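Spelled out from the first residue to the last, the chains are:
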Amino acid sequence: MWITKVSQIIGASPAAFEDAAQTVVARANRTLRGITGFDVVEKRIKVENGAIAEYRVQLRLHFDVAPHTEPHW
């Protein structure tokens, strides 16, 4: 039986929400295996001096965890 875990991660980009999301997924791929999808939880924009300075996105990543196996002694 496979189990799916969920982890929430926030990413940022000066260019766009999509770039921020790609940053999150690329970083998560370095340490998590079996990512099957994500949900966008929240989007925010940071404004400085009247202009958009940063796009922020919070993602809920879903990834599979290997099934528990009994040791064969």
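(A) Inspection of the side chain of Gln58 at higher detail. By the element assignment, Gln58 lies in strand E3 (residues 51-65). When near neighbours in sequence (up to four residues on either side) are disregarded, Gln58 contacts Gln8, Ile9, Ile10, Asp39, Val40, Val41 and Glu42.

(B) Fine view of the pattern of salt bridges. For the structure on display, the rule yields 4 salt bridges. Residue Arg44 pairs with Glu42 through a salt bridge whose shortest N-O separation is 3.1 Å. You can call Glu42 partly exposed: its relative accessible area is 33%. The partner of Glu54 in a salt bridge is Arg56, and the shortest N-O contact between them spans 2.7 Å.

(C) Expanded view of helix H1 (residues 17-31). The first and last C-alpha atoms of H1 sit 22 Å apart over 15 residues, in line with the 21 Å expected at 1.5 Å per residue. Regarding H1, the residues found buried are Ala20, Ala21, Val24 and Ala28. In an axial view of H1, the angular spread of the buried residues amounts to 100 degrees, which keeps them on one side of the axis. Exposed residues pointing more than 90 degrees away from the buried face of H1 are listed as Glu18 and Arg30. On the buried face of H1, the contacting elements are strand E1 (3-13), strand E2 (35-48) and E3.

(D) Inspection of the packing of aromatic side chains at higher detail. Taken as a whole and judged by the stated rule, the model has 1 aromatic pair. Pairing Phe17 with Tyr55 gives two aromatic rings, centres 5.1 Å apart and planes at 75 degrees, and the pair type is edge-to-face. Of the two residues, Phe17 is situated in helix H1 and Tyr55 in strand E3; the sequence distance between them amounts to 38 residues. When the ring centre of Phe17 is taken as reference, the NZ or CZ atom of Lys43 above it lies at 5.0 Å.

About the thresholds
- Residues numbered from 1 in each chain as written.
- Predicted model: local features only at pLDDT ≥ 70, side-chain atom pairs only at ≥ 80, totals over all residues.
- Heavy atoms only, no water.
- Helix = DSSP H or I, 4+ residues; strand = E, 2+ residues; numbered from the N terminus.
- Contact = heavy atoms within 4.5 Å.
- Salt bridge = Lys/Arg side-chain N within 4 Å of Asp/Glu carboxyl O.
- Buried < 20%, exposed > 50% of the residue type's maximum accessible area, 1.4 Å probe, protein only.
- Expected span 1.5 Å × (residues − 1).
- Arc of directions from axis to C-beta.
- Phe/Tyr/Trp six-rings, centres within 6.5 Å; stacked < 30°, edge-to-face > 60°.
- Lys NZ or Arg CZ within 6 Å of the ring centre and 35° of its normal.

Purely geometric stuff here, so don't read any function into it on its own.
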